[in-house]
Amino acid sequence: MEFAELIKTPRVDGVVLHRPFLPLVEGTLCLTGHHLILSSRQDNTEELWLLHADIDFIEKRFVGSSGTIIVKCKDLRIIQLDIPGMEECLNIASSIEALSTLDSVSLMYPFFYRPMFEVIEDGWNLFLPEESFKDLESMTDEWRLSEVNRDFSICPSYPPLVVVPKDTDDDTLLKVASFRHGGRFPVLSYYHKKNGMVMMRAGQPLIGPNGRRCKEDEKLINATLRAGKRGYIIDTRATAVAQQAKARGGGFEQEANYPQWRRIHKTIERYSVLQDSLIKLVEACNDQSHSMDRWLSKLEASNWLSHIKEILTTACLAAQCIDREGATVLVHGTEGTDSTLQVTSLAQILLDPSCRTIRGFQALVEREWLQAGHPFQHRCAQSAYSSGKLHGEAPIFLLFLDCTWQILRQFPCSFEFNENFLVLLFEHAYATQFGTFLGNSAAERATLKLPQKTVSLWSWVNRPQEMEGFVNPLYEPNSLVIWPSVAPQSLQLWEGVFLRWNRSSKCLDEAYEEMVHIIEYNKELQKKVNSLRRQLAQLETEGSPLHTP
Amino acid sequence: MEHIRTSKVEQVRLLDRFSNKSTTGTLHLTATHLIFVESNSTSAQEIWILHHHIASVEKLSLTTSGCPLVIQCRNFRMVHFVVPRERDCHDVYSSLLRLLRPESYDELYAFSYNPKQNDRQREEGWQLIDLAAEFERMGVPCDQWQLTDVNRDYKVCETYPRDLYVPITASKPIIMGSSKFRSKGRFPVLTYFYQEKKAAVCRSSQPLSGFSARCLEDEHMLQAVSKANPNTRYIYVIDTRPKLNALANRAAGKGYENEDNYSNIRFQFVGIENIHVMRSSLQKLQEVVGTRALSVTDYLVGLENSGWLRHVKAIVDAAIFLTRAVTVEGASVLVHCSDGWDRTAQVCSLGSLLMDPYYRTIKGFMVLIEKDWISFGHKFADRCDQLDGDPKEVSPIFTQFLECVWQLTEQFPQAFQFSEWFLIQIHEHVHSCQFGNFLGNSQRQREELQVKEKTHSLWAHLLSGQQNYLNPLYCPSYGYTNPVLEPSTLPCHFKFWRNMYHQFDRPMHPRQSILKQALTLKENNRELESIAQNLQAKLQKLGVSTSPLEVRLSPRECALPPRPKSLILGAPFSRKEVHQEDEDELVEGEEAREDIPVGSDGDRTVEGGSATENGYGELPLSCGSKPEPAMVSLEFGVARMTC
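Residues numbered from 1 in each chain as written. Chains lettered and ligands numbered in written order. Predicted model: local features only at pLDDT ≥ 70, side-chain atom pairs only at ≥ 80, totals over all residues. Heavy atoms only, no water.

A. Representation of the sheet that holds strand β6 (residues 66-73) of chain A in the model. Residues and elements named next belong to chain A. The sheet built from seven strands is open, its strands ordered β4-β3-β2-β1-β7-β6-β5 with antiparallel pairing. The sheet terminates laterally at β4 (48-51) and β5 (55-63), the two strands that pair on one side only. Recorded for the sheet is a direction-independent mean angle of 30° between the axes of neighbouring strands. Looking at chain direction, strand β2 (residues 22-31) and strand β3 (residues 35-39) are connected through four bridges and run antiparallel. Paired with Cys30 across the bridge in β3 is Ile37. Helix α2 (residues 86-99) contacts β1 (11-19), β2, β3, β5, β6 and β7 (78-84) of the sheet and is inclined by roughly 165° relative to β5. (Pairing = 2+ DSSP bridges. Helix = DSSP H or I, 4+ residues; strand = E, 2+ residues; numbered from the N terminus. Axes fitted to C-alpha atoms, helices over the stretch in contact; angles between N-to-C directions. Contact = heavy atoms within 4.5 Å.)

B. Just the sheet that holds strand β2 (residues 22-29) of chain B, in detail. All names here are of chain B. Here seven strands make up an open sheet; going across it, the order is β4-β3-β2-β1-β7-β6-β5 and the pairing antiparallel. The two strands at the open ends of the sheet, each matched to only one other strand, are β4 (46-50) and β5 (54-59). For this sheet, the mean inter-axis angle between neighbouring strands, taken without regard to orientation, is 30°.

C. Region of the structure containing empty space enclosed by the protein. Summed over the entire model, instances satisfying the criterion amount to 14 cavities of 30 Å³ or more. Of the voids in this model, the largest cavity is the one considered here, and its volume is about 300 Å³. Those elements giving two or more residues to the lining of the largest cavity turn out to be α8 (292-302) of chain A together with α8 (296-306) of chain B. (1 Å grid on protein atoms, 1.4 Å probe; cavity = no way out; pocket = protein on both sides within 12 Å on 5 of 7 lines; lining within 4 Å. Points joined across faces, edges and corners; volume = space filled by probe spheres on them.)

D. Summary view of the environment of Phe36(B). Residues and elements named next belong to chain B. Relative to the elements of secondary structure, Phe36 occurs in strand β3 (residues 33-38). Overall, the relative accessible area of 1% leaves Phe36 in the buried class. Distance from Phe36 to Phe81, taken between C-alpha atoms, is 9.5 Å for residues 45 residues apart in sequence. Setting aside residues up to four positions removed in sequence, Phe36 forms contacts with Val12, Leu14, Thr23, Thr24, Gly25, Thr26, Leu27, Gln45, Glu46, Ile47 and Phe81. (Buried < 20%, exposed > 50% of the residue type's maximum accessible area, 1.4 Å probe, protein only.)

E. Molecular detail of the pattern of salt bridges. Tallied over the entire structure, the rule returns 64 salt bridges over all chains. A salt bridge links Glu495(A) to Lys495(B); its shortest N-O distance comes to 3.4 Å. On the criterion of chain membership, the pair formed by Glu495(A) in helix α19 (residues 495-498) and Lys495(B) in the loop between α18 (478-481) and α19 (498-501) is interchain, its members lying in two chains. Lys495(B) matches Glu495(A) in its accessibility class, with the two residues each being buried. A salt bridge links Asp317(B) to Lys313(B), with the shortest nitrogen-to-oxygen separation between them at 3.1 Å. One end of the pair, Asp317(B), and the other, Lys313(B), are both in helix α9 (residues 308-327), four residues apart, so they sit about a helical turn from each other. Asp317(B) gets classed as partly exposed once you look at its relative accessible area, which sits at 28%. (Salt bridge = Lys/Arg side-chain N within 4 Å of Asp/Glu carboxyl O.)

F. View of the pairing of strand β10 (residues 189-194) of chain B. All names here are of chain B. Buried residues dominate β10, accounting for six of its six residues. As judged from the five bridges shared by β10 and strand β11 (residues 199-204), these two strands associate in the antiparallel manner. The residue bridging Tyr192 from the neighbouring strand is Val201, located in β11. Counting the residues between successive antiparallel strands, the hairpin from β10 to β11 contains four residues, one of them, Lys198, with a positive phi of roughly 55°.

G. Just the side chain of Arg180(A), in detail. All names here are of chain A. Along the polypeptide, Arg180 turns up in the loop between α4 (170-179) and β10 (187-192). Polar side-chain contacts of Arg180 include one of 2.9 Å to the side chain of Glu253. Discounting residues that sit within four places of it in the chain, Arg180 has contacts with Phe185, Pro186, Ala202, Gly203, Gln204, Pro205, Leu206, Asp217, Glu253, Tyr258, Leu330 and His332. (Polar contact = N/O pair within 3.5 Å; in protein donor to acceptor, adjacent residues only side chain to side chain.)

So far we have only geometry, and geometry alone does not tell us how the molecule works.
Here it is in structure tokens:
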């Protein structure tokens, strides 16, 4: 098999592993096609199994005849391996570099991974568009499921089935698709049951420098408006950026042609800016300097929290338009595959209590990210330690998870899942044994035959024994719309991701356990009291005839 | 009261600090409080502001809607009223100006505050904390340390307490000599004794060494401290000031210990800035976080420029240095700054908290404050501006100490018996002048004021409501397994204390509180335990033998008395309660949020149940009257319409 060519030295003894806050481990290092394994060969000692795909960057250092490899992972962890022997070290390093940057998707681990567990519920079949359309049909008859994109020819980044206004036929969709970036004609993203308002998403309209218009596009989105009501178009780009897009054939909806819509521009940055932000943030978090000023100024310079605030604010605005104003909303940026999805998915978390459940959140990720064509493979090819020329890598999804965490922190009892679940999704979006986040679109996933050849992350997560670790013990279903604060004082650095490897989490973990204990004990006590009450009631009814004369 | 020119003004508008919302109501001025009562009868909100809490009153220039009056409080409340008539505004303004600057102690609220207790209860309140017992707990007096009576009549040092502990070998002439060589006569005395290693933490003021002066008695004094510790031959002298400040003091005939003259001392500067720097630092911080529509960039730049977290970190760093010297090396330490009542108090008390789990309990924390702050003469009157005094003497030194403690509670969620509401409540009352504990600048002054005879003790008040301040995750055994706390001092582990500096800005807080939830559950657990026991007793009477209360999971700590049902966490007795049921009704099912517990006895607030307290609840469309707004305004981020 071709991996063997890349592995010059499959095994080295006497390697020392350094990890922050953990004792040193000395053992044997083994390289396989997909893993870097360090085993201490002692009983009860933890082994290290690291996916090559999880390795973002490596550094080599040499002292005398031995070498050190510093491995920087996509989950932001940094480990150090001391390897005796210069040649071994060089061989290992070059193998890791080669194996962690394989070009071909089909060589990725998910295609080789065989689950050690029984798949009870196949995650690939859990969130089918047909099923979710049935739910929609039970609430409204104004929408239909279109198969216009069944062979992905109209819009390569859309799934085969999309929800569009009932009165818009497929021919119209064809025309509209040619007027929208990437063929992404407006489709339904969310239906707000409470007042029947909807959120749609699309790519930017291709009005170009001459202000081209498309009557069908206007007709399509106008069809979603209630009589006499206006809608909102939320453009995730700053006005100037949207203006500039015209020169390149893009642009925004002109007032004259869309008189029934109000356009609001927000400033969510493009992916390259966001990737840069992540790199700077992680660099700041790993800085071991003890200067407070340096830390605060680096944190500020990374702009990460500014991006969080902007994304959250935009999502809140969309939610506000729908829930408070009773208006229809159309969200788009340029391609409609990045900032657009951040906004539509976060707005749904605010508006729809079901998105705050574990299943609901999975469905949201499936619907608004995977099916909606977020290019996961491009965006997550490199993480915070990437260097050199980038090819569209960006922490778009991580920002979405971070925003979700910010809301979770403000409403700690309103989510069925806990922080660990969000961290898990972050990890698996970047490196995984599961097929869920492979590929860039539904079309690519179909070509790769992922459902047939790989295991879905959901198949694993939804097993009761795994689920246990992701359930928020404080959860009490909350059917209300939630409105988080977006003041800078209310936003926090997501320590669970960014300081995860720079702190000992022992104290916090123990505190969490105590919290769980209090809740469990409460449940136990309630059970006990109920059973005692029943016992007593039984005795009293049995005994009562004796007392009555 | 003669200073009140007008006692009631109607139709006053209260503007929200961060949004464009406002409420209308009536302003009442009493001898002790400024009260705002909202006119809306259904959700009448009341704001009670104690005059002592007011730091500044500002009358802004007249606007079309009236005369704005901005009141800034020491507990970080900020209120902005608009009074319709300028005349009324001026009357309120000038009355407040006089009321918030009491000229003599007997004008302070503590001397009129009457919580309906009899004298016996009041006296018992003052007996709760016994410092002699505290030193005994530490193992002092012992074969190396003794109680000295030199200061029985405050003759040697009037800012020290009467009872002081010194090394056995420090004779009276040495003490007298040393005290003459120290600023304000504050000679080295014991403040904490680390029994395990017989290492002492001593405190003093700076030596009057100038460029070359020396004092043999003072040198003997330090030697005596050193000899009292069999572990090490040296002692550490921690000068908490930046070196530059200490050098500057030399020119004024003060300064620091010359290592050549004192045998076996290890001298160390730790660089905590002075009260003026701290005052302006907090002012800057407050300005930044009080800005409307604050951007993340301005917030972080402002946080950095204020230097506040840098100062907090410097104090924690110093405390860690002290703790390591004592617990790891087993060395005795002398801590001083200039006068030895600000930075010295911060470092000694924080260090003790790191070394001794007792101080992490509710009672222990009171003892710690009583010892290192109250008895050793932290100038609460000056620092907290109790009387109309020198504004240059005001400084948030004690607030800063409370924040350091809070930073530790964040890193060690199970180590402290109390929650942050306890710290906030103490902060509230340090400034409220409602209790006698913090009045004046020294023990001597408090005796002259007869606080124990004429006022009530805060500690009794806090202990009686301690259920409100418990940390539900507290693990009493934590102190045995981790007697010494070793916090991380990487800058990223220091956070902005939102619940302190924004305690009255409710929209900024998490809408659901884990703390409150956990406290409620624990309380519920205790109730269930007793119900279960009752049921079992009944069953037993009916002749059914049941096993003793047997639950799979047992409680991990000893049961505490149940919390009265009527109390919201952290809220005082007098505070009206917003019931859960009410909450569900009041927001037409639109918003989920929970009550943020804030307030105090003297400062009653029932902040209303408006549904739109969040950041962006104000698309003007919703009013209906204006169907097409030109602008969509968001409270914390403005979205402008482009068309």
